[in-house]
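What follows is each chain in one-letter form.
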Amino acid sequence: MIFTAMAGAKELQLAQQSHMNNLSNASSYGYRADFSQQRAMPVFGDVLASRVYAMTEQPQTRWTPGSLMTTGRDLDVAVRDEGWMVVADPAGQEALTRTASMHTTAARRLVTELGYPVQGNNGSIALPPFDKMEIGVDGTISIIPGGENPDIMVTVDRIKLVNPPNEVLRKGEDGLVRRIDGGVSVPDARMRMVSGVLEKSNVNPVEELLGILDAARRYELQVKMMGTAQEIASEGNRLLEIA
């Protein structure tokens, strides 16, 4: 009984951590909330299962888009409706994000606020010297070259926009989304972007707070069960002393 209660308390702590992580990222742009659930887990051995524990797991991520916040900054972008924009993670592998506050490096590479290189249809996006840059709804990057007439716009590249099914996606600890199979997604010309905005987190703070409170109450119940187990053991020892 005491080991079953201890296992339940431990798993409830893990559930609380998941809710608290979601709540702490409620103001993180583009963050996707993690679901958590508990399921019965029998302990199998050489014969029949001896007892059943609870196990906390994160079965999936909430993929619904967050609301858009207007910033007015030309290099703040977000994917509209469905789809993802592609960046390269520190290992050089393809990763996905819904929104980015972009800037250019000294080497004129287009990167996100965390330094992830933004990917075009032909790899990382490099920009020549320019006076102004615009990003179209289809991800097309157009610039006015440095020193040129303001009426001259040149297309440099197009941000790679993809739309893989949610079933093949997994969110990493760094907040980036990747394909489970490690593959590369094909560009989807139907995807659209919005500039001058950032997408907010899709976390529901009230829902996460209620989840934390519910897990706390159930944790207290498991602790009481451990106390009850100790009382039963003490009473058993007392009866043995009388005998």
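Provided above is the structure to which this section pertains.
The rules behind these values
- Residues numbered from 1 in each chain as written.
- Predicted model: local features only at pLDDT ≥ 70, side-chain atom pairs only at ≥ 80, totals over all residues.
- Heavy atoms only, no water.
- Patch = residues over 30% accessible without salt bridge, like charges linked within 9 Å, V, L, I, M, F, W, Y side chains within 5 Å.
- Areas by Shrake-Rupley, 256 points an atom, 1.4 Å probe, with all protein chains shown as cover.
- Salt bridge = Lys/Arg side-chain N within 4 Å of Asp/Glu carboxyl O.
- Helix = DSSP H or I, 4+ residues; strand = E, 2+ residues; numbered from the N terminus.
- 1 Å grid on protein atoms, 1.4 Å probe; cavity = no way out; pocket = protein on both sides within 12 Å on 5 of 7 lines; lining within 4 Å.
- Points joined across faces, edges and corners; volume = space filled by probe spheres on them.
- Nonpolar A, V, L, I, M, F, W, Y, C, P; charged D, E, K, R; others polar.
- Expected span 1.5 Å × (residues − 1).
- Buried < 20%, exposed > 50% of the residue type's maximum accessible area, 1.4 Å probe, protein only.

Draft legend 1. Fine view of a nonpolar patch on the surface. Together, Leu23, Val206, Leu209, Leu210 and Leu213 line one region of the surface with nonpolar side chains, adding up to about 440 Å² of accessible area. Inspection of the secondary structure assignment puts Leu23 in helix α1 (residues 2–24).

Draft legend 2. The layout of surface pockets, seen in detail. Approximately 640 Å³ is the volume attributed to the largest pocket. Forming the walls of the largest pocket are 32 residues, and the residues nearest its centre are Tyr31, Lys171, Asp174, Gly175 and Leu176. Within the residue set of the lining of the largest pocket, elements represented by two or more residues are α1, β6 (94–97) and β7 (99–101). Looking at the lining of the largest pocket residue by residue, the class counts come to eleven nonpolar, 15 polar and six charged. The calculated volume of the second largest pocket comes to roughly 180 Å³. As for the second largest pocket, its lining consists of Arg32, Trp63, Pro65, Asp81, Glu82, Gly83, Trp84, Arg98, Asn163, Pro164, Pro165 and Asn166.

Draft legend 3. Spotlight on α1. Compared with the 33 Å implied by 1.5 Å per residue over 23 residues, the 33 Å span of α1 between its first and last C-alpha is a close match. For α1, the complete set of buried residues consists of Ala5, Ala7, Gly8, Ala9, Glu11, Leu12, Ala15, Gln16, Ser18, His19 and Asn22.

Functional significance is not addressed by these values, which are geometric in nature.
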